[in-house]
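Examining the three-dimensional arrangement
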Amino acid sequence: DRREATASSAAAAAAIGAATAAAAAADAAAPPPPPSELTFWVVTSLFLVCSVGIALVVTDLGLVLSVVGATGSTTVSYLLPGFCYFRLCPRKRSPMRLLALLQLALGCIIMPGSLALIFAAGAGER
């Protein structure tokens, strides 16, 4: 009798533990709540003010397009593929994973270098 009671209470505790773990996993997988209306308006206003400020200060559209190209193309071509493959590669000691890390590091060198060259050329024209 006592063994049956112990076994049934252990089974009940295991069921409660499993239900608690399942609830915690469901909470962790749930999407975050949407931002509040105040947050939306603050972020939108900051983007608008920054955009207008840049438009008022910058006189050379070529410089803006160069900066966008240097950052955007480096991100899409070097940083994102290297980072994604490095994070998603199932084998931790794979040569391809090492090459992905090398590509990511190369992107971290190319982007600041290209931005420095762009701003140096822009400063030399003034």
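Just so it is clear, the structure is predicted and the values come from calculations on it, not from any experiment. (Residues numbered from 1 in each chain as written. Predicted model: local features only at pLDDT ≥ 70, side-chain atom pairs only at ≥ 80, totals over all residues. Heavy atoms only, no water.)

This part takes up a nonpolar patch on the surface. On the surface, L48, V52, L56 and V57 cluster together into a nonpolar patch covering about 440 Å² of accessible area. Tracing the chain through its elements places V57 in helix α2 (residues 37–57). Residue class for V57 comes out exposed when judged on its relative accessible area of 66%. (Patch = residues over 30% accessible without salt bridge, like charges linked within 9 Å, V, L, I, M, F, W, Y side chains within 5 Å. Areas by Shrake-Rupley, 256 points an atom, 1.4 Å probe, with all protein chains shown as cover. Salt bridge = Lys/Arg side-chain N within 4 Å of Asp/Glu carboxyl O. Helix = DSSP H or I, 4+ residues; strand = E, 2+ residues; numbered from the N terminus. Buried < 20%, exposed > 50% of the residue type's maximum accessible area, 1.4 Å probe, protein only.)

It is worth spelling out helix α3 (residues 61–88) at this point. Taking 1.5 Å per residue as the helical rise, α3 with its 28 residues ought to reach 40 Å, and the 38 Å between its terminal C-alpha atoms agrees with that figure. Of all bends in α3, the biggest is about 45 degrees, found at T75. Tucked into the core, α3 has its buried residues touching α4 (95–124). Looking at where α3 begins, the residue whose side-chain oxygen comes 3.1 Å from the main-chain nitrogen of G62 is D60. (Expected span 1.5 Å × (residues − 1). Bend = angle between axes of the 7 residues up to and from the residue. Contact = heavy atoms within 4.5 Å. Polar contact = N/O pair within 3.5 Å; in protein donor to acceptor, adjacent residues only side chain to side chain.)

In this structure, L63, A70, L79, L104, M111, L115 and I118 together form the largest nonpolar core, which totals seven residues. Sorting the residues of this core by element identifies α3 and α4 as the ones contributing at least two each. With four residues, α4 is the largest single contributor of residues to this core. When near neighbours in sequence (up to four residues on either side) are disregarded, L115 contacts V67, A70 and T71. (Core = buried A, V, L, I, M, F, W, Y, C linked by side-chain atoms within 4.5 Å.)

Within the element layout of this structure, R97 appears in helix α4. Judged by its relative accessible area of 13%, R97 falls in the buried class. Ignoring sequence-local partners within four residues, the contact set of R97 consists of Y85, F86, C89, R91 and K92.

Across all of its chains, the model carries one aromatic pair by this definition. With a centroid separation of 5.3 Å and an interplanar angle of 75 degrees, the aromatic rings of F40 and W41 are classed as edge-to-face. The class for F40 is partly exposed, based on a relative accessible area of 46%. Taking the relative accessible area as the measure of exposure, W41 reaches 49% and is therefore partly exposed. Positioned over the ring face of F86 is R97, at 4.0 Å from the centre of the ring. (Phe/Tyr/Trp six-rings, centres within 6.5 Å; stacked < 30°, edge-to-face > 60°. Lys NZ or Arg CZ within 6 Å of the ring centre and 35° of its normal.)

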